[in-house]
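# Architecture at a glance
This is what each chain is made of:
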Amino acid sequence: MSILRVENLTKNFGGVLALSDLTFEVEPGKVFGIIGPNGSGKTTFFNLTTGFLRPDRGRILFDGKDMTRLPSHRIASSGIVRTYQSTSLFDKLSVADNVRIGTHSRTCSGVFDAIFSRRKTRLDREYAGKRVAELLAFTGLAHEEGERAESLSYGDQRRLEIAIALATDPKLLLLDEPAAGMNQAESEALADLVRELRSKDITVLIVEHNMKLMMKLCDRILVLDHGIRLVEDVPENIIKNPEVIKVYFGEELEFA
Amino acid sequence: MRSRLHLIAFLLIVFALPLLIRNPYGQHILVMSGIFVLFSVGLNIIVGFLGQLSLGHSAYFGIGAYAYAILLLNVGIPWFLSLCLAVMISGLFGFLIGYPSLRLKGPYFAIVSLAFAMIIRLIAVNWQSLTNGPMGITGIKPPNIPLIGGRSLCFDSALSNYYLILCFVILGIFVLHRIRHSRAGDTFDACRENEELAQSVGINTSRAKIVALIISTMFIGASGGLYAQYVTYISPEIFGWYYIATPLIMVIIGGAGTIAGPIIGAVIFTFLPEFLRALAEYRLVIFGLIMIVGVLFMPEGMYGIWQKISKVKAEK
């Protein structure tokens, strides 16, 4: 069964069709890429999937459950988590605090527990502390644990974003242009990270302009053009597809 | 361990203070600073932890004071129960106002809260049968704690009130300390720093903000109730600008978002105007200048400066 099923998803912005009748499925444990020229509806799709926008028509099924009308935080705690195109962190907090906040939906103590139950608070803290240590080690940020998030280098900030997202124990991770602005070494490291995620059975949906990276990483690629699904196939066929070459590579041949 | 020793030493000083300051006026100022500590610590939950400017907190101070006075005098409920109910009523109003307005971003929450404070003041002025209108409520009986052997402890002096209020302040700070270092405290930080990201990692930010506002208004309501029982007289003036601006200054110049900051701010800004009395009519001018300098040169507040200095010292 597919982990994500998108059915007839349609979204208008005041007459401009951002997504039109989009239908596709993502297999669990795969890395699924979405490409397309700017304005083809990739980020709109992410916003719809994570509940920051509501579709005009169509629905999004995750693990067979309809997510279309749920608020963002509910979608996140049921296992779909995203990162942002422009770096988005809790800037003034430490790296460890950033990741700990990510564990929110996997812990449960409330305000009353904070005041009256040391035990529950301590159990949550212990769980969070363990996850923070694991994830900082996994993303290679352990040595910067106490630094403020805003003081990290660009590459490290983007890794921290992924660490925060992973702290929620997602089943489906949406990465919005994770390699944008990264140098060669940084995007290599990112690719390794994504491969490791797949080995942990996390399904990854990735939007990215760096075609080299996408060819190496993705199991399947969906091509969007002006909100319309153009083609979906394995990477080798995508670069050979004449339609794709016409709308996409026609103007950006250097990537091919 | 060292910080625990510091805390004990600090508490000893706080307990000994009214014994060192013997004159009644000085003791009165001490009690007032205790009330303002509770007020500012509560206000700091919205302004500091949540990062949301408030201009309507005098409403909760007034609601706490009026609810206490009315429950005690008109309904005849014992003082401690009246105080607890006053705290809950303040929290309830916090919820009612926060529910629609905390969804608003930026200055809109501040504007709604200010409008709310103005409305509540008008109600206090005009609902004469309940609030006695502009005349205010007088003769609020001081609390009594019956002791063994027919005697009782009556909180009718500044000295006794100091210790009564100190108990509430310590309880309040303890509760806040617990919350701050918990999962609930994390959600406040997350809302302040990046609300969208907070939602994407599964935090119900509307709920977190309401919870913060309810806790905050309960603290402020408690300070209002304690104020009413201490001064024994309240009027609609307590909804006014003085009780909006002063606590805000205490929080911001003391150090918003920390626990110690608002405490320091509240104590200093209750005592400072009294020390400046010698300057007669220039008093408020100087007071204003100190505030401007404070905001310009200490954006992280006095506690922030102190932390920086001790960090530099530690590095040497």
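Computed from a predicted model, the values in this text were never measured in an experiment. (Residues numbered from 1 in each chain as written. Chains lettered and ligands numbered in written order. Predicted model: local features only at pLDDT ≥ 70, side-chain atom pairs only at ≥ 80, totals over all residues.)

## Examining the sheet that holds strand 9 (residues 220–225) of chain A
Residue and element names in this part refer to chain A. The cut-off we apply is this: Here, any two strands with at least 2 DSSP bridges between them count as paired. Here a strand is any run of E in DSSP of at least two residues, a helix any run of H or I of at least four, and the numbering for each starts at the N terminus. Working convention: axes come from line fits to C-alpha atoms, limited for helices to the stretch in contact. Angles between N-to-C directions cover 0 to 180 degrees. A residue pair is marked as a contact if its C-beta atoms, positioned from the backbone, fall within 7 Å.
One open sheet accounts for six strands, arranged 6-7-8-3-9-10; its pairing is mixed. Strand pairing shows two members of the sheet lacking a second neighbour, strand 6 (80–82) and strand 10 (228–233), which therefore form its edges. Each strand axis lies, on average, 20° off the axis of its neighbour in the sheet, ignoring direction. Pairing analysis gives three bridges linking strand 6 to strand 7 (residues 172–176), with the strands arranged parallel. From the neighbouring strand, isoleucine 80 faces strand 7, where its bridge partner is leucine 172. Of the strands in this sheet, strand 3 (31–35), strand 6, strand 7, strand 8 (203–207) and strand 9 touch helix 1 (residues 42–49), which is tilted by about 145° from strand 7.

## A look at the sheet that holds strand 2 (residues 16–26) of chain A
Spatially, four strands are ordered 2-1-4-5 (chain A) in an open sheet, and the strand pairing comes out antiparallel. Each of the sheet's edge strands pairs with one partner strand only, and the pair in question is strand 2 and strand 5 (65–66) of chain A.

## Section: the packing of helix 3 (residues 57–75) of chain B against helix 10 (residues 205–231) of chain B
All names here are of chain B. Selection rule: For classification, angles of less than 35 degrees are called roughly parallel, those exceeding 145 degrees roughly antiparallel, those between 65 and 115 degrees roughly perpendicular, and all remaining angles oblique. Crossings are sorted by hand: turned counterclockwise from the far helix by less than a right angle, the near helix makes the crossing left-handed, and turned clockwise it makes it right-handed.
Running from N to C, helix 3 and helix 10 cross one another at 50°; their axes reach a closest spacing of 7 Å. Between helix 3 and helix 10, the angle falls in the class oblique. Of the two possible hands of crossing, helix 3 and helix 10 adopt the one that is right-handed. Note on element contacts: helix 10 touches helix 3 through Thr217, Ile220, Gly221, Ala222, Ser223, Gly224, Gly225, Tyr227, Ala228 and Gln229, opposite His57, Tyr60, Phe61, Gly62, Ile63, Gly64, Ala65, Tyr68 and Ala69.

## Brief notes about the pairing of strand 4 (residues 57–62) of chain A
Residue and element names in this part refer to chain A. Bridging between strand 1 (residues 4–13) and strand 4 involves five bridges; their strand directions are antiparallel. Bridge pairing in strand 4 places glutamate 7 opposite arginine 59. As paired elements, strand 4 and strand 5 share two bridges and run antiparallel to each other. Note that in strand 5 the partner of leucine 61 across the bridge is aspartate 66. The antiparallel pairing of strand 4 with strand 5 creates a hairpin that spans two residues between the two strands, and aspartate 63 there sits at a positive phi of about 55°.

## Observations concerning the domain arrangement of chain A
All names here are of chain A. For the record, the criterion: Boundary definitions for the domains trace back to an automatic or database domain assignment. Ten residues, namely Ala, Val, Leu, Ile, Met, Phe, Trp, Tyr, Cys and Pro, are considered nonpolar, four, namely Asp, Glu, Lys and Arg, are considered charged, and the remaining ones, Gly among them, are considered polar.
When its domains are assigned, chain A resolves into domain 1 (1–79 + 170–256) and domain 2 (87–167). Put simply, the middle of domain 1 and the middle of domain 2, counted by C-alpha atoms, are 27 Å apart. Contacts between the two partners involve nine residues from domain 1, matched on the other side by eight residues from domain 2. Secondary-structure elements contributing two or more residues to the side of domain 1 that touches domain 2 are helix 2 (72–77) and helix 7 (184–199). Considering only residue class, the side of domain 1 that touches domain 2 consists of six nonpolar, two polar and one charged.

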